[in-house]
Amino acid sequence: MKYAIIGTGAIGGYYGGLLAKAGQEVHFLLHSDYEQVKAHGLRIDSCDGNYRLSSVRAYRDTADMPTCDVVIVALKTTANHLLPQLLRPVVDSHTLVVLVQNGIGMEADLLEAMPGLQLLGGVAYICTLKPEPGHITHLSNGLLQVGNFSCREPERLQRMMDDFLAAGIKAKLMEYQEMRWKKAVWNMPFNGMTVAADAPSAGSLIAYAPMAQTIHEMMREVIRAAQACGAQGVDEDYAERMMEMTRRMPSFASSMKFDHDHGQPMELYYLYQRPMEEARKRGCHMPLISMLAAQLGYLENKRG
C-alpha cells in the first residue's frame, strides 16, 4: 500500500519512519523541516533501536503528492480547518484516512466537510519528541490504537493493520468511542494541569498527594462523560490504571505543555470545549475540567 504522512512531527515521523524502514512507499508532508529532511534524511533515535532514513520522499505541498491508499494525519487539531484542502490531492474513494490526534469530534467534523471519506480515528500512547529539524527521539511505549469511524472496506483496513504490525508498529483495533474517550481520560487532566501548574511532567504532578487526588477526580469526571456519551468499556477503575501508567512513565512534558512553552497554540477546542459540549448535551457536567479549561483559555487569551 502507498502511504502519506500529513504532519511529519514527532508522531507522524515516528510511525511513518517505521513504515518506510520496513520498505513501504511513504510520502511525507513537511513544513519547517523540508530542507533538512530533503538534504539529510530523517533520523530516529528510539528506545527500540536507532536508525536513519537517508532518502525520504519529502514534499512541501500535498498538490505535488500522489493519491495514496492510506493517509496518516498527525497534525495538531488547531490545523484541522486546513484538512479538506490538504487531503483532496491525496485521496480517492478508496483511501483510508487515519486521524492520529487527541480529542473528541474531529472525525465527525471532517466527514461533514468531506462526505464519503473513509475515516479512522487513531490515538498514540507514546513518549516522543522532535528536538531539532529532521530528528525524532522516541523514549517510551508506541502503542497506536485505531478505531473505525466511517471505513466501508474492512479488507483494506485489515491490510493496513497488517502493514503496521509488520513494520514494528504496536497497533491495535478498538471500538471507536471507547478508544477516543479512554485517551481523553488521560489527556484532559494531565495535558491541561501540566500547563496550569507549570509542571515539567505528568509524573511530577501526582508525586504531590493533594494534586494526585484532584487529578484522579478529574479522570472520574471524564469517565462519567464518556459513559453519558455512550462509550463502552470506560469504567471507574480505568482512572486508577491511568494513574499507575503515569507513575511508570519517564519524565516527559505533555504535548500541551510543550506547545505552550514554545509559543504554539494549545489544542483547546477538541481536547476540552468539544467533549464538554458533547457531555452537556447528555446532561453530564464536568466542574473540575470546566475550571481547568477556563484557566487554559485565560492563559491562551492573555498571550494573545
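See the structure shown above.
Residues numbered from 1 in each chain as written. Predicted model: local features only at pLDDT ≥ 70, side-chain atom pairs only at ≥ 80, totals over all residues. Heavy atoms only, no water.

(A) Fine view of the overall build of the protein. On a plain count of helices and strands, the protein comes out with twelve helices and ten strands. Compactness check: the protein gives a C-alpha radius of gyration of 19 Å against a globular reference of 19 Å for 304 residues, within 12% of the reference. Structurally, the protein occupies a C-alpha span of about 50 × 40 × 40 Å along its principal axes. Taking all 304 residues of the protein together, 56% fall into the buried category. Carbon together with sulfur atoms contributes 51% to the accessible area of the protein, which is approximately 13,100 Å² in total. Looking at the protein, you have 30 positive and 33 negative side-chain charges, and the mean spots of the two groups are 2 Å apart. (Helix = DSSP H or I, 4+ residues; strand = E, 2+ residues; numbered from the N terminus. Rg over C-alpha atoms; globule rule 2.2 N^0.38 Å. Buried < 20%, exposed > 50% of the residue type's maximum accessible area, 1.4 Å probe, protein only. Areas by Shrake-Rupley, 256 points an atom, 1.4 Å probe, with all protein chains shown as cover. Lys, Arg positive; Asp, Glu negative; His and termini not counted. Charge placed at Lys NZ, Arg CZ, Asp CG, Glu CD.)

(B) Summary view of the packing of aromatic side chains. A full pass over the atoms with the stated rule returns five aromatic pairs. Plain terms: the ring middles of Tyr14 and Tyr15 are 5.0 Å apart, the flat faces sit at 70° to each other, and that makes the pair edge-to-face. A single burial state applies to Tyr14 and to Tyr15, both of which are buried. Stacked on the ring of Tyr51, the Lys or Arg Lys21 has its end atom at 5.2 Å from the ring centre. (Phe/Tyr/Trp six-rings, centres within 6.5 Å; stacked < 30°, edge-to-face > 60°. Lys NZ or Arg CZ within 6 Å of the ring centre and 35° of its normal.)

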